[in-house]
Amino acid sequence: MNIDQIKKEFPIFDEKIQNNDLVYLDSANSSQKPKIVVDRINEFYTKQFSNVGRSVHYLAVAATNLYENTRSSVQKYINAKDTNEIVFTKGATEALNLVANTLGQSYLQEGDEVLITELEHHSNYVPWHFLRKSKNIKINFAEINEEGEITLEEIESKITPKTKLISITHLSNVTGAILPVKEITQLAHSKGIIVVVDGCQGAPHLKLDMQDLDCDFYAISCHKMYGPTGLGVLYGKKKWLEELPPYQGGGGMINEVKKDRISYGELPNKYEAGTMATAQVIAFDQSIKFLESIGIENVMKHEADLVEYGQELLQKNNSVKLIGNPKHKGGVLSFTIEGVHPHDIATILDEDGVAIRAGHHCCQILHDKLNIPASARASVGIYNTKEDLDQLNESINNCKKIFNL
Ligand SMILES: Cc1ncc(COP(=O)(O)O)c(C=O)c1O
């Protein structure tokens, strides 16, 4: 695989960022966009634009076909059984809110327990907290081990007869731990428990097979998958999406509207109220094509090599403390440097053109557990090279010099 060639497909790398070549190590936050995705948005708006699913004129029908075409591509890409199991949302956050809200309306009862983990992003905690407030459900937390992992045994130990739902990340956006989602799902289903997966960090970096994972819901963030912002995907098993109530009301999601009654549309329209992110959906087809052209196995191999390399570099760099050391790890290197605030690390690295993230990464529960207010995080994508990680290490050394470490 020729990474230099792949990198050339991303126009941002032709830019000088504050007079530096860009070393982009913030893909867990959001990935850069290949030209084919950007061009597709432009082409759709300039040559093909219409709203979808409404008018019968030529442009409207053509746009609707393109929109539905992406749904089919997503279905195939994640090996879902049915295109009706693919719902477009405005992001993974909305997908997770949709699941929590609709299960809260119709399935979860007062006193039921939802099991999440200490690794969860706020998007996979706050929606359940809303139900704790409104429905008096209880939230339990599976705890991380020393390596920053969540084991199957830990999940099993936190299941009680009242556990109705387990909601877990596929890949931690802080420790990089890849959770044994398939095994957790098997265990949960053997006890009649629903499984929701926050797949934000899983979808861009791991091979996805919904029929094999067998989870009930899987949330995807398209802007982390070399796709446009303002778009997410919710995979939901058909039986659930048919059974649950709608999430938002408005145009497009109804069947019949009378003064005294309303009936709702069929799947997937039932969950796609209002004008959707049409251009983004249509362009997302190109993101899938881009990933398919490389092959997810190649993506996984390249990123695993990068992480191993980066981990070794940072482990050797004294005063850098890596967060977590999971056996199965994705492309995330979170770290602290004693005596330097992560925001200072990120600001100093930025002067060398090295873009990383600093903060709690929307994981305050995890940072509380680790007893730190924040951390610095370098995360990789398909366009990164070992030289990028060398530059990261060199810039960390510059930062240490400034702080006399
Ligand atoms: C693990 C995880 N969950 C959820 C989200 C939220 O995704 P979105 O931006 O698509 O709403 C993110 C994004 O940072 C994430 O990393």
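Our structure's up above, just so we're on the same page.
Reading the values: rules and limits
- Residues numbered from 1 in each chain as written.
- Predicted model: local features only at pLDDT ≥ 70, side-chain atom pairs only at ≥ 80, totals over all residues.
- Heavy atoms only, no water.
- Helix = DSSP H or I, 4+ residues; strand = E, 2+ residues; numbered from the N terminus.
- Rg over C-alpha atoms; globule rule 2.2 N^0.38 Å.
- Buried < 20%, exposed > 50% of the residue type's maximum accessible area, 1.4 Å probe, protein only.
- Areas by Shrake-Rupley, 256 points an atom, 1.4 Å probe, with all protein chains shown as cover.
- Lys, Arg positive; Asp, Glu negative; His and termini not counted.
- Charge placed at Lys NZ, Arg CZ, Asp CG, Glu CD.
- Axes fitted to C-alpha atoms, helices over the stretch in contact; angles between N-to-C directions.
- Parallel < 35°, antiparallel > 145°, perpendicular 65-115°, else oblique.
- Left-handed = near helix turned anticlockwise from the far one by under 90°.
- Contact = heavy atoms within 4.5 Å.
- Nonpolar A, V, L, I, M, F, W, Y, C, P; charged D, E, K, R; others polar.
- Core = buried A, V, L, I, M, F, W, Y, C linked by side-chain atoms within 4.5 Å.
- Domains from an automatic or database assignment.
- Expected span 1.5 Å × (residues − 1).
- Arc of directions from axis to C-beta.
- Pairing = 2+ DSSP bridges.
- Near = heavy atom within 4 Å.
- Polar contact = N/O pair within 3.5 Å; in protein donor to acceptor, adjacent residues only side chain to side chain.

1. Some remarks on the overall build of the chain
Okay, step 1: Across its full length, the chain carries 14 helices and 17 strands.
Okay, step 2: Taken over the C-alpha trace, the chain has a radius of gyration of 22 Å; the compact-globule value for 405 residues is 22 Å, and the two agree within 12%.
Okay, step 3: Taking all 405 residues of the chain together, 56% fall into the buried category.
Okay, step 4: About 17700 Å² of surface is accessible on the chain, with carbon and sulfur atoms providing 48% of the total.
Okay, step 5: A gap of 5 Å separates the mean positions of the 42 positive and 53 negative side-chain charges of the chain.

2. Concerning the packing of helix H3 (residues 58-77) against helix H10 (residues 278-294)
Okay, step 1: Running from amino to carboxyl end, H3 crosses H10 at an angle of 40 degrees, the nearest separation of the two axes being 9 Å. Our classification of the angle between H3 and H10 gives oblique. Handedness of the crossing formed by H3 with H10: left-handed. Of the residues in H10, those in contact with Ala63, Leu66, Tyr67, Asn69, Thr70, Ser73, Val74 and Tyr77 of H3 are Thr278, Val281, Ile282, Phe284, Asp285, Ile288, Leu291 and Glu292.
Okay, step 2: Partitioning the contact of H3 with H10 into residue classes produces 10 nonpolar, 4 polar and 2 charged.

3. Considerations on the nonpolar core
Okay, step 1: One finds Ile78, Ile155, Ile166, Tyr218 and Ile382 to be the most contacted residues of the largest nonpolar core, which totals 66 residues.
Okay, step 2: Counting residues per element, this core draws most heavily on H10, at 8 residues.
Okay, step 3: Built from parts of two domains, this core gets at least three residues from each of domain 1 (3-30 + 296-402) and domain 2 (38-292).
Okay, step 4: Discounting chain neighbours no more than four positions away, the residues touching Ile166 are Leu115, Ile155, Ile159, Ile184, Ala188, Ile193, Ile194, Val195 and Val196.
Okay, step 5: In this structure, Val87, Trp128, Val196 and Phe217 belong to the second largest nonpolar core, which totals 28 residues.

4. A closer look at helix H2 (residues 35-48)
Okay, step 1: The end-to-end C-alpha distance of H2 is 18 Å, a good match for the 20 Å that 14 residues give at a rise of 1.5 Å each.
Okay, step 2: All of the buried residues along H2 are Val37, Arg40 and Phe44. Seen along its axis, H2 keeps its buried residues to an arc of 55 degrees; they face one direction. Exposed positions of H2 whose direction lies more than 90 degrees from the buried face are Thr46 and Lys47.
Okay, step 3: The inward-facing, buried residues of H2 abut H3 and H10.

5. With respect to the side chain of Lys400
Okay, step 1: In this fold, Lys400 is placed in helix H14 (residues 386-402).
Okay, step 2: In contact with Lys400, other than residues within four places in its own chain, are Asn317, Asn318, Ser319, Ile337 and Leu405.

6. Looking at the sheet that holds strand S9 (residues 217-221)
Okay, step 1: Strand order in the open sheet formed by 7 strands is S4-S10-S9-S8-S7-S5-S6, with mixed pairing between adjacent strands. On the outer flanks of this sheet lie strand S4 (86-89) and strand S6 (138-142), each paired with one strand and no other. When strand polarity is set aside, the average angle formed by the axes of neighbouring strands in this sheet is 20 degrees.
Okay, step 2: Where S4 and strand S10 (residues 232-236) come together, 4 bridges link them in antiparallel fashion. The partner of Thr89 across the bridge, within S10, is Gly232.

7. Some words on the site of the ligand
Okay, step 1: The local shell around the ligand consists of Gly91, Ala92, Thr93, His121, Ser123, Asn173, Asp198, Cys200, Gln201, Ser221, His223 and Lys224.
Okay, step 2: Contact between the ligand and Asp198: a nitrogen atom at 2.6 Å from a side-chain N or O atom of the residue.
Okay, step 3: Measuring from an oxygen atom of the ligand, one finds a side-chain N or O atom of His223 at 2.9 Å.
Okay, step 4: For the ligand, the accessible surface in isolation is 400 Å², of which the surrounding protein chains cover 88%.
Okay, step 5: Residues belonging to the shell around the ligand are distributed by class as follows: 2 nonpolar, 8 polar and 2 charged.

8. Here's the deal with H3
Okay, step 1: In this model H3 runs 29 Å from its N-terminal to its C-terminal C-alpha over 20 residues, within 8% of the 28 Å that 1.5 Å per residue would give.
Okay, step 2: Ala60, Ala63, Tyr67, Thr70, Arg71, Ser73, Val74, Gln75 and Tyr77 are the residues of H3 that are buried.
Okay, step 3: Each element contacted by the buried residues of H3 is listed here: H2, S4, S10, H10 and helix H11 (296-316).
Okay, step 4: Positive phi appears at Asn79, one or two residues downstream of H3, with a value of about 50 degrees.

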